[in-house]
Every structure is written in C-alpha cells, then in structure tokens.
Amino acid sequence: MSSIENDIKINIKNILKNSGECSNKEIADKLSYLKRESIPNAVITIGIGSSSIIAGAVDTLNAIKNYISTKNIKADVIETGNLGFCSEEPVIGVQLPGKNLVLFKRVDAKSVEFIFDAIFSNDIISNKVLCQVHNSLHHPWEDIPYMEDLPFFALQRRNLLRNCGFINPESIYEYIARGGYKSFVKSIINYPCTKVCEIIEESELRGRGGSGFLTGLKWKIALTSEANNKFVICNADESDPGAFTNIILLEGDPHRLIEGIAIASYATGADKAYIYIRSRHNLAYQRLNKAIQDAKELGLLGYDIFNSGVNINIIIKQSPGAYVCGEETALIASLEGKRGMPVTRPPYPAVKGFNGMPTVINNVETLANIPDIIDKGPAWFKNSGTFSSKGTKLFSLGGKVKNCGVVEVPMGISLKDIVFKIGEGVKDDNKFKALLIGGPSGYFVPEHKLNIEIDYEKLRDEGFSIGTGGLVVIDESGCIVEITKFFMEFTARESCGKCIPCREGTKIMSDILHSVTRKPVNGSGHETLERFKGVMQLEGLADVIKNTALCGLGKNAANPLVSSMKWFKEEYEEHIFDRKCYVNVCKQLRCFKIDAENCNGCNICFQKCPEKAIIGTVLQPHFIISNKCTGCGICYDNCKFSAIVVV
Amino acid sequence: MNDKNIDSILKKYPVGKSENLIFILQEVQDLIGYISIESVEKISKYLSLPTVKIYGVATFYDEFRFNTNVKYTVKVCEGTSCHLNKSSELIEEIKYQLSLINGSKEEEQIFCLQIVPCMCACDKGPVFTIENEYYTFASPEIVKPALDKFIEKNGI
C-alpha cells in the first residue's frame, strides 16, 4: 500500500494534469486498485460517522477485526464515512475479488460472524443484505437488488454523496484515484480567476445555505473588490435541530470540500480560507484536519502550488457554539473574537467582511458542488433541476418517516416523492399530518401542498422556503401548537439580543404559546384574558418582527408560527377555546377524574396535590375539583391503583 | 499550578490581538476543563482587554463553562425528531437525576448537562450520552440505571 502512495506522490503532477488519463500503465493499475476495480484480497468497508457510531458501529468494527484475525482471513478493513441511510445503520460492505460490492444493513457485533461465515463461502444472508453496487467490471450476485432499485436510492441523484460510504475519507489517494483535485489543478493552470467565476456564474449554482444567492456572482463581487487581503470562509456551523446534511459530507468526503474551498480561494483571489465548524463535531474536525495535512504534503495547498504562483492556506476554526453564528455577519464577528452578533448589511461581506476585507462566505454544500462543475462544465450542472434552480440538493429526512437519512435529490422533485417514495411514508403506518421544511425558522407544509416542487421560486411563491435542508415528518400523534412552541422557545433562547424585535418579540410569542398550552396556574382570573389578548396579537407581532428584525434569525423567527396558524388553525382553536389537546401532547391541558371504583382512599393524591384540588377522607373515594386542577399530573403519576384517569 | 500552562497557551498568540480571544479560551478550557478567574485575568493582561469583555464573549457561547468541578458531561439531543419522540420528558428526568447526584451547590457539581441540537440519529430518538456511552430510544426510566452504572464503573 505504501509503495502505491509513494508512486502517486511522485507522479502527482502527471496524474492531475492529464485529467486522470494516465499513460503509465503501472500507475493506472494502482489507481484502479484504489478505486477497488481490481483487488487481490477481499475488502470490507464499514461506515463510521456520527450517526453510525450511535447505532453501534464501533462495536461492529471491533467484531470484524476480531473475526478476521481469529479466522486468519486476508482482507482489508476500510473505515468509510456514512452512506446517509441512517435507519439501516451500521452498514458494512463486503467486496470479494471479481465480485460486486455487497452492502449489509443493521450489522451489530453479534451478526458479524454469521454474515461473514456465509459470504466467505459465497452465500448471502438475505435478511441482512441491503443491496449490491453495480460495476461493469465485476460479476453481479444473483437475486440481490441493486442500489438503484431500492426505494431510498431510486429517486436520488447522488453527485455530492457519491463517494460517501465508499471511500476512505482519510485517504487523499482514494479521492485522487476517483478523479479528485483534477478540477483544482485544471483551474489554477488553465483558467484565470475571472474565468472560474464565470464558469460558476454560468452554472447558475445558488447558495445552499438558505438564501439562494448566485455563488458565481458573489465570487465576482469579491474578486473585483480592491483590497490587500481577501478571505474565503466555509460555513460548517450546522446547528439546526434536525439537520445533519453537512456532517455526512464532512465525515464522508472531506477532500471534496477542501477542493471546493481551494477553487473558491483561487477564483476570488483569497490566499487564506477558514472552515468554521462546530466544536462538538470531533470526528469531522479530525478528518478535515487530516485532509488538509495530506493535501499540503502533496503540494496541493500551501505556497506556489504546482509552480503556478498561487498560494492557498486553509485553516480550521472551531465554533464555540451559538445558533446565530450561522448568519454570515455574526459568523465573522465570532471569528474576530467578539460576541457573535450580526451587523446591518450592506456593506455585504463580499465587499467588506472579515477584518474589513472582502470575504466570501459559502455553505459546505455549495462549495462541495464546485469541483464537479469545473470538471464536467456548467452545462452538465444545468442539466438537472428546474428553470431557476439547478443541480441537486441535500436534505436530511427525519421525524416519523420510515427511511430516515440524508438524501440528495435533483431540484424539481416534489416533496411528496421525497416523503412517500424515498422515505417510504410515515412510520408505523400512521396518518401523515405535516412536513416541516427548514428547521426552527422553517415552515409547516400540510398534506395538500406536498405536490409542490423543490425550487427556490416555486416554494417562495407558495410561502415556503428550502432553508438549510431539514425535512421532518410529523404524524397524527404530533401536536402542531406544541412543536411551534418548541421552536419559539428555541429562537427566543438563541436570539443574540442585539435588536429589540427579535429579543423581546420571540420571548413574548413563546410566552403566549405557553399560556395557550397550559391551564391558568395562579387562579387570578386575568390569565384567560391575557391569553385571548395575546392570541389576537400573535399575527401582528409576527409581522412586526419579520419587518423590523436585523438579521435572518429574527426575520424568519415567526415563520413556523405563521404557517402553522395558516394551515392548522383548527388545532389552535382546540387549544384556545376547547382547552384540549386531542393528541394528548400538551400535558398541562389534561383533565383528570378519579374512578371511584378503583380508588381505595389511600390519600396519597390528596397529600401530593400542590393546588389542593383533591378532596376526600381516608379510605373513601376521592374527588378532583376540575376548576382548581392545573393538569400537572402529579396525582396521576403517584396513584398506585390506576384510579386516576385522563378524560 | 495552572499559571504556567496558561502562559504557554498565551505565548502561541501575538500580544494585544483580541481577535484570538475565543481560540485562547477554547484552549484554556481544553486544558483545565473550565474558564477560571485567574485565567481570565491573565488573558486580560495579555490581550489588553477588560475582564468584563472577556466574560461577555465567554458567556455568549454555549461551549464555555465556569464551573470548577465538572468532570463528566451528559449530552441529550433536542432535535426536532427527538422532540417528537418526547425528548422533553427525558430531559426533565435527566435534570432531576443529575440534581440528586450533584446536590444543590453549584460549585460541587460533577456532572453537567448539555442540550445539543442534533446528534445525527434522528431515527433512534430520543438519544442521550454519558461521556462516550450512547443510549438510543431512551425513555425516562432508563436514565437512573444508566447513571448508576456509570457512577459504579467510574467509582465516583
């Protein structure tokens, strides 16, 4: 293995400059080994990433190593990133020489032995197999579905994710063997900076962070701004509840991002680039660090790259964690060592950003798109997608859906296809209620709106937005009011406190929703009045915050509230007028009754009730005064005879 | 004892450049586990920043701790998927159990609770971790046994 690495290191310029067509047969063979087209021994891959580690992938890995050493099998074990199919993890792959790669699902430490016993005698345990991966150079397995045949993968178009789960993220050589860094070398040798910006502009790639601004245009603005220093910042501070698209990319294919950043730095004339990543993503941090070290060692980063006179340095900075730092001006403040508070725009960062210099801030997904566009051309990129939105988009599909994970779909696919075809519908065959698109400042989409296509403009016209790409399915057991309250609490907590509409407004909105989802506690009588007054003000308040807040966090804070009131009005009415949560999620709206037959008068509920709402004497059935009851549920939890029932 | 270590961290950064504040604080916390009063005073002199500014920055972010005793972190996911699977009940229970272990005095706490937005395991929620041990599909009932097991294992 090490000799292969050395050979590539020596011939790196040839390999990358000749656009992968290697004349030297010896090297070509070695690249094909790294691509696992021809392998002498069996190769076992296992997806190790944040989500699979939680599913127990480390134990599985140990079991595999143990199996190989005790049975004395010649096989390479390779740790890859995750495939993105979270609900089937841990996923392992086995490739025997000359045969297609087979993926197995939900492989815990115990099942390693019988899966391997079978496959090494050319048999396959059918209930553990996920799929086989098509390769024209290898023999297929019989009766095993191909990856493209599975519903989860059938409608996906995996460009950004195509290496995730297959290559070793810590090996730059595997990435190079699959065509990596070609685009970067092509850019710095063949194209001037302006040409790269033009290519990206022509491809109509739009920022994947939520705003949808044309990336090429942003680069051009930065390139044409006169300054001594320029910067590129990659925003990897993904911290939406329920979104994990970036992390799959970072852990599964870090070199793709590094190449994207390198091209962006070259195109904008920046010699320093920062990756701003959440500090708790340790694995992604380590893999990125290794990727940068390796790229430096091969001369792909650093000073005077390939004698072209281009200098590019990439530095990783760990974000200390604040949701508002996803906003670009707040991110810059945080990088400058200040409190992460946004400032007014313009001037936009592309003109005046980090340290007062022109700064391009792009999302991980946006930058990961760049190498392919340079390699295959803008026309290829524009092939998929709709009139105004090109390419593919990553979504993390979660909530009450059967197939959970990160999916990459072409723009223009309908939300319905994502939920019911890729996701295979709602878990446990429950009824679908709503789809939440875009995290805590996103929107609720009701069932009759699911036909809408993924497209920046079409979604905007219907009053929705893509956001960062979180899709959460809510089934009939979820309470829309409660989820809205959860999001309002989240934004109120994460508001940086700089502008009044966001700081005070989100707090008031969350207070009003609190009063909607609980019974009056102090019994003074004003609370009912306050509640009605508050509810009447909600829409106006949302409007004010939207129009007057300083940054994106505040402007979008009321989105879930507004869309839930629009599409799920009846649920609000049940909570406000009937004072009932029919799905029993809002605990404090429950009403309790004592079943006289089961109550033996043990008196515990009488003693525990904080509101003195229970009356009765020892050994006689007790009674709850419903007007006094606040629905705290202490009596319900403490009754040993199931005498207290929810009505 | 810590003074020299903090000096060695500071030496890596240029004098008076406040833009490195967050990275210095991160290194201090990695080294001694929290942000101590002494370290803030040292940083203040080194970067010529008032201590109040340093606390202003440090308290803005979730990562920094000021508590001396904390040795172990319990993380619980409050992503939307976990929330749908009733993670709020789990969080209540963990808070309650930790309050029993930690006692009432803040400076004596051994465990600290971190509520994180997403742990990338949306199909297995609710999820919580005690240091490096993962618990998936966690109901409030399993919190106490899990903590007891951890305490026994680590001899706390």
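Coordinates for the structure precede this section.
Rules used throughout
- Residues numbered from 1 in each chain as written.
- Chains lettered and ligands numbered in written order.
- Predicted model: local features only at pLDDT ≥ 70, side-chain atom pairs only at ≥ 80, totals over all residues.
- Heavy atoms only, no water.
- Helix = DSSP H or I, 4+ residues; strand = E, 2+ residues; numbered from the N terminus.
- Buried < 20%, exposed > 50% of the residue type's maximum accessible area, 1.4 Å probe, protein only.
- Contact = heavy atoms within 4.5 Å.
- Areas by Shrake-Rupley, 256 points an atom, 1.4 Å probe, with all protein chains shown as cover.
- Lys, Arg positive; Asp, Glu negative; His and termini not counted.
- Charge placed at Lys NZ, Arg CZ, Asp CG, Glu CD.
- Pairing = 2+ DSSP bridges.
- Axes fitted to C-alpha atoms, helices over the stretch in contact; angles between N-to-C directions.
- Core = buried A, V, L, I, M, F, W, Y, C linked by side-chain atoms within 4.5 Å.
- Phe/Tyr/Trp six-rings, centres within 6.5 Å; stacked < 30°, edge-to-face > 60°.
- Lys NZ or Arg CZ within 6 Å of the ring centre and 35° of its normal.

### So, the overall build of chain B
Thought 1: When helices and strands are counted, chain B shows seven helices and four strands.
Thought 2: Along the chain direction, N to C, the helices and strands of chain B fall in the order α-α-α-α-β-α-α-β-β-β-α.
Thought 3: Its C-alpha atoms give chain B principal-axis dimensions of roughly 50 × 35 × 25 Å.
Thought 4: Looking at chain B as a whole, 51% of its 156 residues are labelled buried.
Thought 5: Taking the intrachain contacts of chain B between residues at least 6 apart in sequence as the baseline, contacts between residues at least 24 apart amount to 62%.
Thought 6: Working note: accessible area of chain B is about 7,700 Å², and carbon and sulfur atoms make up 51% of it.
Thought 7: Within chain B, one finds 17 positive and 22 negative side-chain charges whose respective centroids are separated by 6 Å.

### A closer look at the sheet that holds strand S6 (residues 231–236) of chain A
All names here are of chain A.
Thought 1: One open sheet accounts for four strands, arranged S8-S7-S6-S9; its pairing is parallel. Edge strands, defined here as strands with exactly one partner in the open sheet, are strand S8 (313–319) and strand S9 (359–363). Averaged over all pairs of adjacent strands, the angle between their axes in this sheet comes to 20°, without regard to strand direction.
Thought 2: One ladder, built from seven bridges, connects strand S7 (residues 272–278) with S8; its direction is parallel. Counted as the bridge partner of lysine 272 is asparagine 313 from S8.
Thought 3: Each of S6, S7, S8 and S9 is contacted by helix H13 (residues 254–268), which is oriented at about 150° to S6, the strand it contacts most.

### Looking at the nonpolar core
All names here are of chain A.
Thought 1: Residues Tyr181, Trp219, Ile275 and Leu300 are the most contacted members of the largest nonpolar core, which totals 79 residues.
Thought 2: At eight residues, H13 tops the list of elements feeding residues into this core.
Thought 3: In contact with tryptophan 219, other than residues within four places in its own chain, are Val196, Cys197, Ile200, Ala264, Ala267, Thr268, Val360, Asn362, Leu367 and Ile370.

### Overview of the packing of aromatic side chains
Thought 1: Applying the stated criterion to the full structure yields 23 aromatic pairs over all chains.
Thought 2: Geometrically, the ring pair formed by tyrosine 323 of chain A and phenylalanine 490 of chain A is edge-to-face, given 4.9 Å between the ring centres and 75° between the ring planes. Residue tyrosine 323 of chain A is located in the loop between S8 and helix H15 (328–335), and its partner phenylalanine 490 of chain A is located in helix H20 (residues 480–494); the two are separated by 167 residues in the primary sequence.
Thought 3: Look at tyrosine 323 of chain A and you get buried, because its relative accessible area is 12%.
Thought 4: Each ring, one from tyrosine 72 of chain B and one from phenylalanine 150 of chain B, has its centre 5.1 Å from the other, and the planes form 80°; the classification is edge-to-face. Pair noted here: tyrosine 72 of chain B is in strand S1 (residues 72–77) and phenylalanine 150 of chain B is in helix H7 (residues 143–154), with a separation of 78 residues, a long-range link. Comparing tyrosine 72 of chain B with phenylalanine 150 of chain B, the two get one shared label, buried.
Thought 5: Linked through ring pairs, Tyr67, Phe116 and Phe120 of chain A together constitute an aromatic cluster.
Thought 6: Lying across the ring of phenylalanine 23 of chain B, lysine 317 of chain A places its NZ or CZ 4.0 Å from the centre.
Thought 7: Its end group placed over the ring of phenylalanine 395 of chain A, lysine 393 of chain A keeps NZ or CZ at 5.4 Å from the ring centre.

### Examining the side chain of threonine 366 of chain A
Thought 1: Tracing the backbone shows threonine 366 of chain A in helix H16 (residues 364–376).
Thought 2: With residues up to four places along the chain from it excluded, the contact list for threonine 366 of chain A reads Leu205, Arg206, Gly207, Arg208, Gly209 and Thr215 of chain A.

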